[in-house]
Amino acid sequence: MKPPSTTTLTKNNIPITITRSLAPAPTTPAWHAASSPSSSHPKGNSDVSCDDAYAVAKSACGGSRDFCQTGDFYIFGKKPCDDFYTSCLAKATSYHNSCTAKSGVTCNAWFGELMDTCTKGVYGCHDSNSKAGAYGPNKAEMVQGALSGTCNLAHSRCEPLAKAGFKKAGCSIPSGCGTECYANVFFGQLGWNAAAYCNTLPQYHGSDRICNYIHNQLCKHEGIQWEMCRDCPSVDICHATGGKTTKKCGIIKHELKNEIQMRYEDCLQYAKNNRWESYPNEFVSHHLPLLMVAGLGPAPPPPPVPGAAPAAPSSPSAGPEAPTDPFLPLLAALRKSLTTRKQFPIWDNSRGANNDFHVVLVDKNVRFPPLKARPQSGSAAHQPQQALHSPISPLSPSSPLHPDGIMAPIWIRKHREMVPAVFILVLRLFSVEPSSGLDQLTKDDLERTQDADLVRDITERKRSTVERGIKLAVILVCSRALLDDPLLDSRLSLIRRQAGLDSRASLFVISPVPQTEVNNFAASFKGELFPAAMDYYREHGRRVRRKRARMGGKGRLSEKGWNVRYDYKMATFAEMRGEIEVALKHYEDCYETLVDMFATPALLTPRTKRWAEAKVLADCLTVKVCKMYLYLNEPARSVGQLNKHVARFRDLSNTWGIGEQTFEFWSWLSKQYRLFADLVAIATRAGFRLPSLRPPPAPRSVPAGMPQPPSPGLVPPTVLQHAGYYFHMAALCAIQRRECFAALELEEGAPVSPAVAHESKVDHSEIIIDLYTKAYEYFKAHKSSRQSLFIASQIALTHFQAGNHDLALKFNERISRTYRREKWRTILDSILELSYVSAKVVGDHDTTVRTLVGLIAPDSKITVEKRAGYASELLEFLRTTPPATPEAGIITIDSADTAPLLSCSLVFWSPNASVGQSAAFQLSLLSPPSSASSSLRFSRLELAFSGGATGLVVVNDDGRTGAGESVEGVQLGSVGEGGESETRLVWGEGQEKLFMGTIRGGGEMDLLLETATLTLLEGDWTVRLVLRPDADARPPVWRTLSPPSTLFLLQPNPSVCLVRPRSLRIQADIRHAAPAYLGEQFQIVVDVKNEDDVEVEVFLDILLQPGDEDSHNELWIDSDSSSSLIKAFSLGVLSPSSSLLKPFRLLCIGPPGERQLDVSIRAQPTLLSESAAAAAPTEILRTLAIDAETPDIRVVQSSVQGGVPLDLTWRPQDYFNVIYKLEVMAAVSEEDATIPSRPLLEVLWRRKGDSTLPPTRTLLPLSIRPLPLTPTISVRLPPYMTLHVPTLLTYRLSNPTERLLSLSLQIDSADGFVFAGPRKIAAFVLAPAEERLVPISVIPLVVGPCVVPRVRIFEILPPPMVQDGEEDVKAEARSRELTVVEEEDVDQVGDPAQAHLETDLRAARDSERDEGGSEGGERRERPFTVLVLPP
């Protein structure tokens, strides 16, 4: 059941505190009881003494003041507590006087008056609180909010004291409004008494009921606020109502009404957005270890002198300025660092990983709840003393769970808010200021005295923590100077030993430091204390496990009930330790045992208080288990827990009489899906990633003969989806809840139970809309557009069923656009029908007409008879309903927003037309056979063309014939010549009207029909139906009616006619004598002729496309030149029938190849031409590909002597041979080295017959092999040899050097050859510039390719001379083999790049075959092969 919870809504700094609960309030704990004077007065409902009543009331007021002074808000001073006591005592005195005058009252009256005393007391407290500015230097808003809590705390203390005194006086509490009633009482700022409302609250009320009650009470006490306004200063009014200080009280009273309404709306909004409030927060939130910190507030004032009157608060400005406490900023920084977590979250991402605590700031003298309840007073002496148990145990008579309760939120609240795992005591370490002037002995005495007091405070606190196993730690706050004292460590060690603190993580010291260092300090000591907290809760888990093992059922609670209780405790302690797997196991065991108890009515009787508590506990356990599975990243098992919970309780609900036919079941089921949706939403916002909905991959193929395994797939109910899906499920259950309740209301004679009475006050539509709205947001966020639109339509339907027709109309209008655009006519028809009803109810005439026109559209899926009925309703509405204003009577309906009544299409005969030329068109307006528009009589038809073309108007003529023809032709003539056409503008079913005419475009445009507007005049209404042509309405055909024929049009888009200016009739020709030669200025001639009747100006553009990197081509025209582009070169003005020639030249430089030119000849009419506007500039493009080759040469100059004829003309393929003898000399200086080593042949030539051009200079490179610088050996091989015929091989030995060469010769043997002569010549000399021939005669012995004998010639090198000490040592002689090459008759000069490539390839192949040479691994020669033929 729901525990007492407090919600604060703030509006303009005015707090409203709501205290509500779904569970009975616990009996006042024994440790809160206050003694009251005993009196002898009658028992029961008899009269009581007025003095006794006054004594009890005075005691209640005094006890409340004492409780107030020990509260957390006492830091603002004691004046609020004194004000409360004064107000409460004044009310008690007033009651005593009236009681004396009445000579006694009954117990019930006395109890009511005593409750009213507490209520009026808190009202007086708040009344004095309105002057919050007088309580201290803090801001009024901050003080006001804190003091409001103080007043509420004082009141909450007054009430149980009054009840305790009332019981002690012998009076019984009225049964109509018992202890569980006052937990639901709302005490706001105005402080009214809610006891009268107590009996009207249902047992299971929602937060909306509380909001309604707040609203009523606020309105009831508006007069009190008005009186306060009239008597209070303007500044107080500003704080109380939010108004400006200059406003008068009358204006503020008006604002108070708005303020009350805003408070009420805020409360409702809070209730809607916090559906978790329907379950105890203790049962659903995540548990954290509790850390209590005491001593972070300022030092309390000295205790008041007994018997002295309370001192009035002094003004902040009176007297000298008090010295500031240097540790206040440090304490504030510690408070800020420790209180970052304000509440218990539903989801926690860290789960103990960051050493997180729930920190509660308490007073130093805070007391823990007792371990055992106190024995009941008044028991007989002869009765045995009962065993004492926990005050909240089912075995304690004072417990709210007595005698058979299972689990209450107060137990969880005890362990996460009242009994900590770690208690931190913040104390100040005394230090003497250096400027005090005291000697060292005096300082030491003062420090010892203060340290003894500090040890005493620690020892007193340790007595309360040791008995519970709570870890006690102390934070000492000291000055910076003391922190640097070398004797500080010994002093701290002495304090720790005397106080009996642990040696590890029990004493911390901090001095005033910045906030960032305070945060690091807090994180540090949390990390040190976290293991102690884990040990604390682990020991609690062991203790509970031991109790469960040795204890069966006790009292009236069954054994299963005790098991549920123990499992829940162990799960809670495991969750506080961050052990998710352990907590999950205990939560599941707890849930299973609890479900078994539900299956046994003897353990949990349905429809009882304990049954309702256990049902809430089961729902919360499901939330816990689902959340634990999500923590462990097992979403499928989380969904499985939800499905299991729903299935089990569906079966149980059928046995309880609240099955699927009742609204109670669907209300519960909707709540389950909503809770799960909220859980998934919170988890995803915290970073949880939803599983992928993509199906798993198919299994691999299996061998033949083996069965194929089933294809894997996803079962939607077992897959976790986003929160929108579960919000949608909750909305569907809420709809079923509404339907079941509506069916129950229709039953006559059915008894009205409290549940039915409560359900009758529930706004089902608001719940459904809220769920649908959340589902819509999530489906839209996940880009489920179809589902989003469907949910939006359901929201509109719910608004419609709830009578909110204006909202239904807005939703339907928004979603109908998509369905209309995508042509979902069935869904669109249902939306339009709902919109029509809603528009009539709200009086929206414009929407009424539009929806009726949409409903009678031919493409509608509703029946023809129903559409005809809607057409009649449209005419009836237009005739009988006048518009609100004349402007409102004109309605324009565009076919882009509403389905058209007629099919509209237009075709042009020709796809193109010149400016000023007429274009023929045909416009078809067709009424489909299923149309219901035959009753509509239009008054006129307006055609609007694009580009500013003149439109056409066709008016209605009822006297025209042809109304019965299926296709009626209407001749329109030429559009734009003025006048109007006439025809009968009524379309029967399946009738088509074909409008034929011509139109002339006045300028360049895309001519098309933009709109065809039909105007309907009925009554005071003018309805304009704007039709837009549809290219897909009919095939692109041109029709004639007499005789009937059809011609298909081949243009791509016959509904558009391109109107363009005509092109100029210009002819252009380009002539040239290809090919071009390198280095030649190649001439190209452009010939342009004007065959038009207008004068034109001609421009020439020439673009030379880029070629190779070595190409440096140029364009020349007159004196202009460019290497790439000649732009807009004017060729002059051409009159009609005239022409011109213009040459330009191309200079080709670089390698031979193709040169590409783009030539553009542009002609445009001159401004003096009369018809220039009708003609467009014309451009003629030509692309020239000109080959640049090496030229055919005719010699005009030569340095060759000897009578060579130079007047020959070279024809293609002619050759001219010249033999030169060149002498190559060695370079003797650096200047000679710069002479080019490769000679060039200069040729000057020109084309024959073109003597105007200068000669072209061409340089031809000569291929001359340079002289070798090393000895060369060559051999001339015959093309073939004959078998057994001697053949002479001549080896040529050349010495181009200037030194003597010592050579040796050796002939290797070869298979297939024999030779004559010596095989080896040991040594011979070759003189400088000498050439010697060595003939060798060989005889082949085999046929085929044969390797000739290898002749190896070595150069004998002189040995080097080396120095070895004092005498010369002569080294051995060395030799170097010379390479033998084959002589050839042709010297070929190829591409250098190709030659380098072949050389590299040859070297690579030779390196693979090389086996090493005679000297240093030289390359081995390739053997010579000769073909041997038979004789």
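Source: prediction; values computed, not measured.

## Side note on the overall build of the protein
- For the protein, the count of helices and strands is 32 helices and 50 strands.
- Only carbon and sulfur atoms are counted for the fraction: they give 53% of the accessible area of the protein, which is about 74600 Å².

## Some thoughts on the nonpolar core
- With 150 residues, the main nonpolar core has Ile 406, Ile 424, Ile 458, Leu 594 and Phe 598 as its most contacted residues.
- With 15 residues, helix 20 (residues 609-631) is the largest single contributor of residues to this core.
- Discounting chain neighbours no more than four positions away, the residues touching Ile 458 are Leu 425, Leu 427, Leu 472, Val 474, Ile 495, Ala 499 and Leu 501.
- Val 849, Ile 893, Leu 901 and Leu 1007 belong to the second largest nonpolar core, which has 58 residues in total.

## As for the sheet that holds strand 8 (residues 890-894)
- Strand order in this open sheet of six strands is 8-19-18-12-13-15, and the pairing throughout is mixed. The sheet is open, and its two edges are formed by strand 8 and strand 15 (981-983), each paired on a single side. Ignoring strand direction, the axes of neighbouring strands in this sheet form an average angle of 20°.
- Along the sheet, helix 29 (residues 845-855) contacts strand 8 and strand 19 (1021-1027); its crossing angle with strand 8, the most-contacted strand, is approximately 40°.

## Describing the pairing of strand 13 (residues 952-956)
- Here strand 13 lies mainly inside the structure; four of its five residues are buried.
- Sheet analysis places strand 12 (residues 940-945) next to strand 13, joined by four bridges and oriented antiparallel. Following the sheet pairing, Arg 940 is matched in strand 13 by Val 955.

## Section: helix 20
- Here helix 20 contains 23 residues, and its C-alpha end-to-end distance of 33 Å stays within 8% of the 33 Å for a straight helix at 1.5 Å per residue.
- Among the 23 residues in helix 20, 22 count as buried, and that is most of the element.
- With a side-chain oxygen lying 3.3 Å from the backbone nitrogen of Trp 611, the N-terminal cap of helix 20 falls on Thr 608.
- Just past helix 20, the residue Asn 633 takes up positive phi, approximately 60°.

## A few points about the confidence of the model for the protein
- In this model, the protein carries an average pLDDT of 75, and 68% of its residues clear a pLDDT of 70 or more.
- Of all the helices and strands in the protein, helix 5 (residues 179-182) carries the lowest mean pLDDT, 31, while helix 19 (residues 580-598) carries the highest, 95.
- Residue range residues 71-77 is modelled with pLDDT below 50. Its contacts to residues more than four positions away, or to other chains, number 17 contacts.
- Confidence drops under pLDDT 50 across residues 378-382; counting only partners more than four residues distant or on other chains, this segment forms zero contacts.

## A few points about the packing of aromatic side chains
- Taken as a whole, this structure holds 30 aromatic pairs when the rule is applied.
- Between the aromatic rings of Phe 368 and Phe 423, the centroid separation amounts to 6.0 Å while the plane-to-plane angle is 80°, which identifies the pairing as edge-to-face. Taken as a pair, Phe 368 in the loop between strand 4 (358-362) and helix 13 (409-418) and Phe 423 in strand 5 (residues 422-428) lie far apart in primary sequence, 55 residues in all.
- Classification of Phe 368 by relative accessible area gives buried; the value is 12%.
- By relative accessible area, which is 0% here, Phe 423 ends up buried.
- With a centroid separation of 5.8 Å and an interplanar angle of 70°, the aromatic rings of Tyr 568 and Tyr 587 are classed as edge-to-face. Of the two residues, Tyr 568 sits in helix 18 (residues 559-577) while Tyr 587 sits in helix 19, which places them 19 residues apart along the sequence.

## Describing the packing of helix 21 (residues 635-656) against helix 22 (residues 663-685)
- Where helix 21 contacts helix 22, the axes come no closer than 11 Å and their chain directions differ by 170°. Between helix 21 and helix 22, the angle is such that the two are roughly antiparallel. Judged by residue contacts, Ser 638, Val 639, Leu 642, His 645, Val 646, Phe 649, Arg 650 and Ser 653 of helix 21 engage Phe 665, Trp 668, Leu 669, Gln 672, Tyr 673 and Phe 676 from helix 22.

What counts, and where the lines are drawn
Residues numbered from 1 in each chain as written. Predicted model: local features only at pLDDT ≥ 70, side-chain atom pairs only at ≥ 80, totals over all residues. Heavy atoms only, no water. Helix = DSSP H or I, 4+ residues; strand = E, 2+ residues; numbered from the N terminus. Areas by Shrake-Rupley, 256 points an atom, 1.4 Å probe, with all protein chains shown as cover. Core = buried A, V, L, I, M, F, W, Y, C linked by side-chain atoms within 4.5 Å. Buried < 20%, exposed > 50% of the residue type's maximum accessible area, 1.4 Å probe, protein only. Contact = heavy atoms within 4.5 Å. Pairing = 2+ DSSP bridges. Axes fitted to C-alpha atoms, helices over the stretch in contact; angles between N-to-C directions. Expected span 1.5 Å × (residues − 1). Polar contact = N/O pair within 3.5 Å; in protein donor to acceptor, adjacent residues only side chain to side chain. pLDDT = per-residue confidence, 0-100. Phe/Tyr/Trp six-rings, centres within 6.5 Å; stacked < 30°, edge-to-face > 60°. Parallel < 35°, antiparallel > 145°, perpendicular 65-115°, else oblique.

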